[in-house]
Amino acid sequence: MAVMEGTRRLIVMRHAKAGELPGGPDFERALEGARGRSDSAAAGEWLLSRGYQPDAVICSAARRTRQTWQYVVRDAWRRS
């Protein structure tokens, strides 16, 4: 049996701190202001500092998950 070259990692992330949307659809809840943005950016820095750059990303279409990913990659990967 051949040994697989390279190591693959599966990284599962949860969205950053989301705000409330009383009476609105959960799908449309947005990140909670500065905390949500800074936590997302910190996650991006953590991933990059450990050399984790994804080959592929599967992201829910929910607003808070798309926003989280936007801030994860916004600053960190632009500098690399």
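Structure shown above.
Just so we're clear, the structure is a prediction, and the values are computed from it rather than from any experiment.

Novice: Would you explain the overall build of the protein in this entry?
Specialist: The helix and strand inventory of the protein stands at three helices and zero strands. Reading the protein from its N end, one meets helices and strands in the order α-α-α. The long-range fraction of contacts in the protein, counting pairs at least 24 apart against all pairs at least 6 apart in sequence, stands at 63%. For the protein, the accessible surface area stands at approximately 6200 Å², while carbon and sulfur atoms represent 52% of it.

Novice: Please explain the side chain of Thr65 as it appears in this structure.
Specialist: Residue placement: Thr65 occurs in helix α2 (residues 63–74). With relative accessibility at 16%, the residue Thr65 sits in the buried group. Within the local environment of Thr65, its side chain forms a polar contact with the backbone oxygen of Ser60, the two atoms lying 2.9 Å apart. Not counting residues up to four positions away in its chain, the partners in contact with Thr65 are His15, Cys59 and Ser60.

Novice: Quick question: what am I supposed to make of the environment of Val12 here?
Specialist: With respect to the secondary-structure elements, Val12 resides in the segment before α1 (33–49). C-alpha of Val12 to C-alpha of Val57: the two residues are 45 residues apart in sequence and 9.9 Å apart in space.

Novice: Looking at this model, I keep getting lost on the pattern of salt bridges. Mind explaining?
Specialist: A side chain with one charge may pair with a side chain of the opposite charge, provided their charged atoms come close. Using the criterion set out here, one finds four salt bridges in the structure. Note that Arg29 and Asp26 form a salt bridge whose closest N and O atoms lie 2.8 Å from each other. The salt bridge involving Arg35 is made with Asp39; its shortest N-O contact spans 3.4 Å. A residue pair is termed a helical-turn pair when its members lie 3 or 4 positions apart in one helix, as Arg35 and Asp39 do in helix α1 at four residues. Residue class for Arg35 comes out partly exposed when judged on its relative accessible area of 47%. Taken together, the salt bridges that share partners define one network made up of Asp26, Arg29 and Arg64.

Calculation rules
- Residues numbered from 1 in each chain as written.
- Predicted model: local features only at pLDDT ≥ 70, side-chain atom pairs only at ≥ 80, totals over all residues.
- Heavy atoms only, no water.
- Helix = DSSP H or I, 4+ residues; strand = E, 2+ residues; numbered from the N terminus.
- Contact = heavy atoms within 4.5 Å.
- Areas by Shrake-Rupley, 256 points an atom, 1.4 Å probe, with all protein chains shown as cover.
- Buried < 20%, exposed > 50% of the residue type's maximum accessible area, 1.4 Å probe, protein only.
- Polar contact = N/O pair within 3.5 Å; in protein donor to acceptor, adjacent residues only side chain to side chain.
- Salt bridge = Lys/Arg side-chain N within 4 Å of Asp/Glu carboxyl O.

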